[in-house]
Amino acid sequence: MTTVLPQKPEGTYTFASQPRAVPQRKKYRDPNSGAASQNPRHCQCGDGPIQYGNIMYDRRVVRGNTYAQHTLPATAQPDPLELQRLQENRRRAIARKRAKDQLRPRSPDPVEGRKHIDVQTELYLEELSDRVEEADQECQTDAFLDRPPSPMFIPAKTGLDVATQIYDGDLFDFDCEVKPILEVLVGKTVEQALLEVMEEEELANLRQQQRAFEELRNAELVEQQRLEEQERRHREEKERRMKQQREVLRKEKETAEKIAARAFAQSYLADLVPSVFGTLSDNGYFYDPVERDVEQGFMPWLMDQVTAELDRSERGRLVLDGIICELVTRRIEVYKQLDKEPEVKEEVTLQDKTQELEMSTSNILNSEEQLTE
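Residues numbered from 1 in each chain as written. Predicted model: local features only at pLDDT ≥ 70, side-chain atom pairs only at ≥ 80, totals over all residues. Heavy atoms only, no water.

1. Structural notes on the pattern of salt bridges
As enumerated under the stated definition, the model contains 14 salt bridges in all. Residue Arg217 is joined to Glu214 by a salt bridge in which the shortest nitrogen-to-oxygen separation is 2.6 Å. In this pair, Arg217 and Glu214 are both assigned in helix H3 (residues 174-268), three residues apart and thus about one turn of the helix distant. In this structure Glu214 comes out as partly exposed when scored by relative accessible area, which is 26%. Residue Arg232 is joined to Glu236 by a salt bridge in which the shortest nitrogen-to-oxygen separation is 2.6 Å. Highlighted residues: Arg232 and Glu236, both in helix H3, separated by four residues, approximately one helical turn. Relative accessible area serves as the criterion here: at 42%, Glu236 is assigned to the partly exposed category. Taken together, the shared-partner salt bridges in this structure form one network comprising Glu247, Arg250, Glu254 and Lys258. (Salt bridge = Lys/Arg side-chain N within 4 Å of Asp/Glu carboxyl O. Helix = DSSP H or I, 4+ residues; strand = E, 2+ residues; numbered from the N terminus. Buried < 20%, exposed > 50% of the residue type's maximum accessible area, 1.4 Å probe, protein only.)

2. Structural notes on the confidence of the model for the chain
In regions of low pLDDT, the predicted coordinates are not meant to be interpreted in detail. With 75% of its residues at a pLDDT of at least 70, the chain reaches an overall mean of 77. Mean pLDDT across the elements of the chain bottoms out in helix H1 (residues 34-38) (44) and peaks in H3 (92). Predicted confidence for residues 1-9 stays below pLDDT 50, and this span has 10 contacts to residues more than four positions away or in other chains. Low pLDDT (under 50) marks residues 34-50, which in the prediction has 21 contacts with non-local residues, meaning those over four places away or in another chain. (pLDDT = per-residue confidence, 0-100. Contact = heavy atoms within 4.5 Å.)

Here you go:
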C-alpha cells in the first residue's frame, strides 16, 4: 500500500509524516535481553529501544468532536485579504483594550518608602502562595512472566466452501429489463427540465412586468413630486402676499390711531394748563418760601428748645427738693445724737455740726442758683 503525502503550502506550516505501524509491547520477558530486565519500559522491537510516553501530548492527536471540523484540501492557500482582516481586528482589539486600561481609574502612586500590595477583602481568608500544590503518587505494575513454550504451528484454512445452484429463469436480460426503468428516469428528467424552463420563463415575465410597473410608478412619483412642489410654491406665495397685506393694514390702522390720539391730546390739553395751575394754587402747592421755612423749620425748633428748658428746670427742682430733704434728715439725726452725748463735748460738737450745716446750706443755695440760671 502506497501513500502520497500532500504538498506543503508555501504560506503556512503544516505537519506531515510518513505513516508507520506502532510497535507492539511484548507480553513476556525476553530471557536473552538484560536491558529489558533492568528497564521494563524499553522494548526490543527490531528498531532499538523505544521510549513510551503519553500520546495525549502529541499534536497529531485530535481532541474533541471530529464531525464539526472543517477539512480543507491539501492545496488550499489562505486568503491574504482574510489574513489582513484578522490582523486588523486583532490590532483593533489590542488598541481598544489598551485604551480601556488607560481610562480605568487607578489608585494613586505610593509615597516614598512604601508600596501597594494586594489585600484580601473576603469574609474567609485563605493562604496565597506561588507554589503549586503537588503530591507524589506511585503505581505498582505487574511483574513480567516467563514466556511459555511456543505451540506447534498449524496453518489456518484459507478459502470458503460455497455452492451455487441456478435454475431456469433466474437470470435476466439486462437490456430488456432496464428499458422501462430508463424510460421512466428519462421521462421524469425531461419533465423536470420542462418544468424548470417554464418556471424560468414565468419568472422572466414576472420580472419584466415588475420592471414595467417600477418604471410607471417612478414616473407617477416624479409627477406627484412636481405637482406637490408647484402646490407648495403657490401656497408659500399666497401666504407671503397675505402677510404683506396684513402688515400694510396694520400700519394703516396704527397711523390712523396715532393721528386720532394726537388730535384728541391737542384738544384735551388746550385748556388743561390754566386749570392745573389754578387747582395747584388752590391746594397750596404754590407757597411763600419764607413763611414755609418759619412754619416748618423755626417753629418746631423753638418748641423743642422750650420743651428742653422746661424739662431741665423740672429736673433742677426735683434735685433741689431731694437735697433739702436729705439735709433736713441729717439735721434731725444730728440733734438726736447731741441729746445723747455728754455736756462736756456738747459745745465742741455743736460748733462742728453748726459749721457743717452752714456749709451744706451754702452748697444747696449755690446749686439752686446754678439751676435757676
